[in-house]
Amino acid sequence: MTLVRILLALSLLSVAGCLPRPAKLAPVGAHEILPSDQIEVEWPLEWMTFRPTENDDNAKKEGIVLLLSRDGFSLQTIRLTKQAAGADFKYTQKKLSTGMLPQEVAELTLDNIRANPEVIDLSVIESAPATVLGAPGFKLRYTYRGKTGLTREVGMYGCLDRDMLVILSLDAPRRYYFEKDWPVLDKVKDSLRWQS
Amino acid sequence: MVIGCGAPPLGKGQDKPLEEDEQRLWSTVAEEEKRLDQSGLLYGDQAVTGYLNEIMRRISPPETTSGLFAVEVLVLKNPLLNAFAYPNGKIYVHTGMLARIENEAQLATLLGHELTHATHRHAIQELRGARRSGVALGVLRMIAIPFGLFGLAATSLGTIGYMGAVTGYSRAKEAEADQEGFVLMVKAGYSPQEAPKLFEHLKVELAFRKVDEPFFFGSHPHVQERIESYRSLLESQYAGQGGDIGTERYDAAMMPLIIDNAETDIAIGRLSLAERDLQRVLQKNDDNARAHFLLGEFRNRKEPGDAERRDEHYRQAIDRNPRMPDPHRALGYSLLKQGDRYGGQAELQKYLELAPRAPDRAYVEQALKESR
């Protein structure tokens with residue numbers, strides 16, 4: 001069963017264009033602290049993880065550090081990204097600047113999502129303050145319709161700290177999966193910390 | 001008139017049944033249309049689509065209203081300059097294209113052009129003549145790259161429509177669509193002088209957006225060539241001829257769409273384009289609260305330090321529509337940043353009063369608390 005899940009994840013990632021080169025996919029059941037790019041995160045039991053290699057340009061552009069899923073990446077994906085404050089966003093041409101307030105960072109993050117033409121019928125449910133990595137950050141919740149027509153929900157925590165934009169998000173079908181996995185996202189968020 | 005591959009124009013009211021390959025094409029088109037219609041990418045304002053279809057009826061020859069055709073114009077939420085026709089008469093126009101057009105006569109030029117692609121069966125001729133259905137998608141993907149994600153998203157919607165829109169038909173077919181479309185708009189009583197202006201605007205727009213002309217027009221005759229071809233038609237056949245222009249009607253119908261498109265441009269970060277469109281709206285109607293608010297948002301992003309000009313737009317938005325929540329929030333934050341505690345608090349409280357279920361309520365409450 002585990003092997004099937006891993007193969008499924010690999011095939012999904014290949015289709016999505018995320019896996020043009022070897023990358024690390026940890027098996028289901030792993031549970032350890034991941035030292036990664038100065039950030040430590042503890043992921044839940046029974047979730048598989050995918051870490052792109054350092055020369056994965058696609059992942060680098062989006063700043064992907066880690067992807068997590070339990071049942072397959074189309075059913076739920078927790079994504080940890082980290083980008084320099086001055087880096088280009090994938091969709092919007094706008095830029096972050098150090099010293100932005102958390103809600104300004106949240107608004108810019110939302111603009112980047114709004115500018116993604118594949119995100120249809122975006123509806124913001126919540127935009128609120130949150131503490132992330134011990135710093136003042138933001139929490140976003142929104143729904144959108146994907147290309148398949150399915151309504152999905154995204155929960156997101158983020159902060160601009162140490163000149164880095166760090167975002168942790170859960171993207172899942174709104175029915176069943178999102179509510180089920182929302183507490184997991186909270187746990188992962190609480191485990192985030194800078195290494196030094 | 002250039003009709004190749006034994007395919008006479010459709011829509012004469014006595015259309016013969018389609019041949020097998022064309023039936024296949026139409027059935028592919030039906031699937032693409034279904035996908036498009038369910039994609040959520042359609043711009044749903046019925047007043048806008050109703051207006052566009054009214055203009056389409058005005059320019060359509062009577063014979064195209066019967067037979068196999070079902071001419072219909074729909075709008076896609078996409079800020080790129082584009083429009084395309086399916087072989088069965090369904091025409092899709094991007095919001096970005098409509099935001100650039102200045103009047104009804106220019107719109108009629110565009111619709112006449114696209115309608116001609118459908119009536120003159122350009123899609124099946126291209127597929128038969130060049131056997132390029134497989135090549136088209138590859139070319140399409142390559143050409144979509146300069147347009148960023150909106151271009152790439154567009155290509156995923158369907159091959160046939162975008163074969164016409166992006167890779168383009170042969171020069172002869174584009175020239176035919178220009179010429180026949182021109183005749184349709186003139187026959188409908190529009191001023192022929194406006195036709196070349198559509199392409200002149202597109203040329204300016206391409207320069208403004210720094211998009212290379214050949215990419216957008218694919219194998220179309222280059223914009224300048226098309227402008228010159230229109231000019232020569234004007235000089236030879238329609239010198240000095242005037243007609244209906246319909247600027248007021250176009251503005252009245254399209255202002256909400258232009259504002260929506262400007263909002264997308266602000267999100268994408270194409271601030272100059274958004275500013276230009278919002279200024280255009282306000283030049284026509286200075287009472288538009290949403291345009292004032294968005295112009296304030298534009299200022300906030302473009303020059304965050306220029307609070308005076310930004311706040312002026314927020315205040316004007318509030319003046320035009322005091323019940324609109326967003327300008328109160330924006331002004332509230334701005335005033336707090338400038339140290340106007342009471343003014344900022346009053347505006348934020350007004351925002352919460354007008355939008356009690358606002359998704360960002362927690363931020364506003366936090367700002368109120370911290371400012372006390």
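Computed from a predicted structure; not experimentally measured.

## Remarks on the nonpolar core
Generally speaking, soluble globular proteins have nonpolar side chains that are buried together. With 79 residues, the main nonpolar core has A108(B), L111(B) and M185(B) as its most contacted residues. The element that contributes the greatest number of residues to this core is helix α13 (residues 247-268) of chain B, accounting for 9 residues. If we ignore the near neighbours within four places in the chain, the residues touching L111(B) are I55(B), M56(B), I59(B), V73(B) and I91(B). If you look at the next biggest cluster of nonpolar residues, it comprises 39 residues, including L80(A), V154(A), C159(A) and I167(A).

## What about the environment of D265(B)?
Residues and elements named next belong to chain B. Mapping D265 onto the fold places it in helix α13. A count of 24 C-beta atoms within 10 Å places D265 in the buried class. With 169 residues separating them in the primary sequence, D265 and G96 have C-alpha atoms 9.3 Å apart. Apart from the residues within four sequence positions on either side, D265 is in contact with P79, R270, L273 and A274.

## Quick look at the packing of helix α16 (residues 307-320) of chain B against helix α17 (residues 325-337) of chain B
In a packed pair of helices, the relevant descriptors are the angle between the two axes and the axis-to-axis distance. Residue and element names in this part refer to chain B. Direction vectors running N to C along α16 and α17 enclose 150 degrees, while the axes themselves pass 9 Å from each other. As summarised for this structure, α16 and α17 are arranged roughly antiparallel, according to the angle between their axes. For the crossing formed where α16 meets α17, the hand is left-handed. Along the contact surface, α16 presents A307, R310, D311, Y314, R315, A317 and I318, while α17 presents P327, H328, A330, L331 and S334. Of the residues belonging to the contact of α16 with α17, the class tally is 7 nonpolar, 2 polar and 3 charged.

## Quick notes on unusual backbone geometry
All names here are of chain A. Phi angles above zero are rare outside glycine, and D121 is one such case at about 55 degrees. If you trace the backbone, D121 turns up in strand β7 (residues 120-132). Although it is not a glycine, R162 sits at a positive phi angle of roughly 50 degrees. Under the C-beta neighbour-count criterion, R162 is labelled partly exposed, with 15 such atoms within 10 Å.

So, how was this worked out
Residues numbered from 1 in each chain as written. Chains lettered and ligands numbered in written order. Predicted model: local features only at pLDDT ≥ 70, side-chain atom pairs only at ≥ 80, totals over all residues. Core = buried A, V, L, I, M, F, W, Y, C linked by C-beta atoms within 7 Å. Buried ≥ 20, exposed ≤ 12 C-beta atoms within 10 Å, placed from the backbone. Helix = DSSP H or I, 4+ residues; strand = E, 2+ residues; numbered from the N terminus. Contact = placed C-beta atoms within 7 Å. Axes fitted to C-alpha atoms, helices over the stretch in contact; angles between N-to-C directions. Parallel < 35°, antiparallel > 145°, perpendicular 65-115°, else oblique. Left-handed = near helix turned anticlockwise from the far one by under 90°. Nonpolar A, V, L, I, M, F, W, Y, C, P; charged D, E, K, R; others polar.

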